[in-house]
Amino acid sequence: MMLAAGVLALVFARAQGGGDRPVVIASKPFAESYILAEMFAQLLEARGVRVDRRPGFGATELAFSALRSDAIDVYPEYTGTGLTAILHEKPAASAAAAFQRVSSEFRSRYGIRWLAPLGFENTYAIAVRRATSDSLGLRSLSELAKASSRLRAGLTPDFIGRPDGLPGIQAAYGIRLADVRALGPAVKYQALAAGQVDVIDGYSTDGLIARYDLVVLADDRHFFPPYQAAAVVSRRLATENPRAIAALGELSGRLDEPTMRALNKRVEVDGVPVAVVARDALRALSLIDVSTQAAGDEPTRGGLVSYLASQRATLARLTARHIELVVLSLLAAILIALPLGLLLERGAHRAEAVIRGVGVLQTLPGIALLAFMIPVLGIGVRPALVALVLYSLYPIVRNTFTGVRDADPAAVSAARALGMTDGQILREVRLPLAAPVIMAGIRTAAVIDVGTATLAAFIGAGGLGEPIVAGLALSDQRMVLSGAIPAALLALLVDGALALVERWTRPGGV
Amino acid sequence: MSAAAGATRGLTTAAALSAKDLHKKFGDVVALDGVSVEAEAGSCLALVGESGSGKTTLLRCFNRLVTPDRGEIRLGDTDVSSADPVRLRRHIGYVPQDGGLLPHWRVARNVELVLRLRGEPDALQRARRALTLVGLDADKFADRWPRELSGGQRQRVALARALAAEPTVLLLDEPFGALDAITRSELQDAFASLRDRLRMTCVLVTHDLHEAMLLATQIAVIRAGRVEQCASPNALASSPATPYVRMLLQRARIAEPAAT
């Protein structure tokens, strides 16, 4: 009980912010969003505003939910996404109409402000390999429609579902693809380059279009409405920090499409760190002093080993956070699941239903669970811990229940017949005999936990998921591996350490 | 008290142990259907019957592992139904069929169990004495794990565990049932001589009429939750009261006019 109180106190202490909160800047997990968020951050810092960077939120719902509950203060968003994904409205006819609509609706419904657009327009771009374009004579979506029955598409799930996505172009152009596969943003370019699909969706400002030498098909019937990028700002920041709003406003209208595409290319193709690209961009716009130093000014592409070495301080910090997440959530899960398993064993007729209920938690998609918790718990470590605890309960509850229930029936019955009380039987017979089974459950939970804790990166809680998410977004394999390798080693280490604990708890003679 | 018990036959408080008109149902299954038995101090009452006859249920009523729906059980002057079950069990020896040793405790710790539960001093010394009593070398066996023992050794340890606290009443549930014939007969001899020396009151559940004849002073034949006949071994063998008892005797090849 003391331990439980300690863990809870720690969890809450971790999540308490100070009174003078820095401006919390978030992004979504793709390169352009990272770059814009970093530009916001450096600009604010140059104007003397303290910032807290929480890039890589896992999805629009997470970032929006966090902004709406004032857990974050600003992130870059697109008017089209605001219109269709958040307001659930039809695509707008023009860029100006779209901005008009989101800026008035967000303010009246959520108190969220759209600052004046950054300048460039971004829209969906349908791309094919140059060879495909040349051999089939494809230059526009109308021409794609004619050849579409022979082509396979790999599209983001988002695009497949949105009315301004695949259903829209099917209707507008009569496109009928031979096969449509859902591919994540991180893999669709590789899949296209490797010839596994022939058509993908992207954004008109994607740097990878140049990297893979792709041809963007012209939207000759002007189906995709041009959407603008802008900073969206929380109600709290808008009302409390006019200095920050003014500073962010300095970027409005300053980034045109060629500039943004060049910035994306530097990150996605040339592998220049986001912080450097953002700093150079702000200098080029004369928004910050040339002498301003930014973090992360390092050599670009190089070997994995030298990259890991150069990142060791960051990786040590992320690993420490990862361990903290795993240890705290596992302890809390044990403190909840172990007594729950024992309690259920006493009222066995209801146990199966309850354990199945706990099992259902396991099937909730991580992003949905996190989105659900943000309004209550904010962002960062606290919701991440709660999610991890929920994901860790099942194997421990199940194994505790089964282990105690099935502990050597002959021994248990003899113990009762010789005058042990129920409590003595539990403590001295059933628990020791069930210990190996319970420990196996804890081990399972721990290893799952190490993997699941990468989710924490989706809500700004850090951990080894951070380089994995960022690396996938920025097409940087080394960055992905710099998170994935320590995470895998950590899983092995945790499993090995718990194997020792398991041996130690295994009663003699069994 | 044993004088009084000897003087009076029938269900009286003088018996060391008695059950009177016990009824017990498990769901729709009738396990005990008006059973009455008693045992004098120092005697050994065997409950003989086939699987499902109710003999084990009856045994388990004596230490309140089973609570009868109706009827009265007395141990000496104590009404079992009003006794604290945990305290009661700590004063009654119990030997289950499979030994029921706690697998995560060494032999000595197992044998000490009841003494420790009762908070008595010198548990280890007394446990070692009990091991010697049942024919096991305490030096050799005290530190062994149950899994390192043979079946016969395990039952001896279970017997030592029941005897270590020197109970006045010992309940045995098919204690030798799972052993091979040679080991069983060794243990039966050991038990018979122990019972002579310790003068405990025993209730022995068995399906083996031979074993009952060998070890018991009274045999109660139980069938379908009722007592068919309760008599001394000789009386049972010489004058079976029902066709069922006669059939059991014949099946066990026990000659009708037994010794005496």
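Residues numbered from 1 in each chain as written. Chains lettered and ligands numbered in written order. Predicted model: local features only at pLDDT ≥ 70, side-chain atom pairs only at ≥ 80, totals over all residues. Heavy atoms only, no water.

## Some remarks on the sheet that holds strand S10 (residues 214–216) of chain A
All names here are of chain A.
Link 1 in the chain: With respect to topology, five strands assemble into an open sheet ordered S8-S7-S9-S6-S10, the strand pairing being mixed. Either end of the sheet is taken by a strand with one partner, and the two such strands are strand S8 (179–182) and S10. Each neighbouring strand pair of the sheet contributes to a mean axis angle of 35°, computed without reference to strand direction.
Link 2 in the chain: Sheet topology places strand S7 (residues 152–155) next to strand S9 (residues 199–203); two bridges connect them, and they run parallel. Each residue of the ladder has a partner; that of Gly154, found in S9, is Ile200.
Link 3 in the chain: Contacting strand S6 (124–129), S7, S9 and S10, helix H10 (residues 185–193) runs over the sheet at an angle of about 140° to S9. (Pairing = 2+ DSSP bridges. Helix = DSSP H or I, 4+ residues; strand = E, 2+ residues; numbered from the N terminus. Axes fitted to C-alpha atoms, helices over the stretch in contact; angles between N-to-C directions. Contact = heavy atoms within 4.5 Å.)

## With respect to the domain arrangement of chain B
Often the size quoted for an interface is simply the accessible area lost on bringing the parts together.
All names here are of chain B.
Link 1 in the chain: As assigned here, chain B comprises domain 1 (12–91 + 170–260) and domain 2 (101–166).
Link 2 in the chain: At the interface, 15 residues of domain 1 touch 12 residues of domain 2.
Link 3 in the chain: Three residues stand out in domain 1 for area buried against domain 2, namely Arg90, Leu187 and Leu194, and they jointly supply 45% of the buried area on that side.
Link 4 in the chain: For the pair domain 1 and domain 2, the number of links is one salt bridge.
Link 5 in the chain: With its nearest N and O atoms 3.8 Å apart, the salt bridge here joins Glu186 to Arg156.
Link 6 in the chain: At the junction of domain 1 with domain 2, the criterion picks out three residue pairs in polar contact (both at pLDDT 80 or more).
Link 7 in the chain: If you list the elements that add at least two residues to the side of domain 1 that touches domain 2, you get strand S7 (169–173) and helix H8 (181–198).
Link 8 in the chain: If one sorts the elements of the side of domain 1 that touches domain 2 by residue count, H8 sits on top with eight residues.
Link 9 in the chain: Here the residues of the side of domain 1 that touches domain 2 are counted per class, giving 10 nonpolar, two polar and three charged. (Domains from an automatic or database assignment. Buried area = accessible area lost by both parts, 1.4 Å probe. Salt bridge = Lys/Arg side-chain N within 4 Å of Asp/Glu carboxyl O. Polar contact = N/O pair within 3.5 Å; in protein donor to acceptor, adjacent residues only side chain to side chain. Nonpolar A, V, L, I, M, F, W, Y, C, P; charged D, E, K, R; others polar.)

## Focus: the packing of helix H17 (residues 312–346) of chain A against helix H22 (residues 422–452) of chain A
Residue and element names in this part refer to chain A.
Link 1 in the chain: Two elements in contact, H17 and H22, have axes whose closest approach is 10 Å; the angle formed by their N-to-C orientations is 140°. Crossing of H17 over H22 shows right-handed handedness. Residues His322, Val326, Ser329, Leu330, Ile334, Leu338, Leu342, Glu345 and Arg346 of H17 touch H22, and the partners they reach there are Asp422, Leu426, Arg430, Leu431, Ile438, Ile442, Ala445, Ala446, Asp449 and Val450.
Link 2 in the chain: Among the residues forming the contact of H17 with H22, the class breakdown is 12 nonpolar, two polar and five charged. (Left-handed = near helix turned anticlockwise from the far one by under 90°.)

## Here we look at the side chain of B:Arg126
All names here are of chain B.
Link 1 in the chain: By the secondary structure assignment, Arg126 is in helix H5 (residues 123–133).
Link 2 in the chain: At 2.7 Å, the side chain of Arg126 and the side chain of Glu120 are in polar contact.
Link 3 in the chain: The residues touching Arg126, leaving out its near neighbours within four places in the chain, are Leu115, Glu120, Pro121, Ala164, Ala165 and Glu166.

## Quick notes on the packing of helix H21 (residues 409–417) of chain A against H22(A)
Residue and element names in this part refer to chain A.
Link 1 in the chain: Axis separation between H21 and H22 bottoms out at 10 Å; the angle between their running directions is 140°. One finds that H21 runs oblique with respect to H22. Crossing handedness for the pair H21 and H22: right-handed. Facing Val412, Ala415 and Arg416 of H21, the residues of H22 in contact are Asp422, Ile425, Val429 and Arg430.
Link 2 in the chain: Tallied by class, the residues present in the contact of H21 with H22 amount to four nonpolar, no polar and three charged. (Parallel < 35°, antiparallel > 145°, perpendicular 65-115°, else oblique.)

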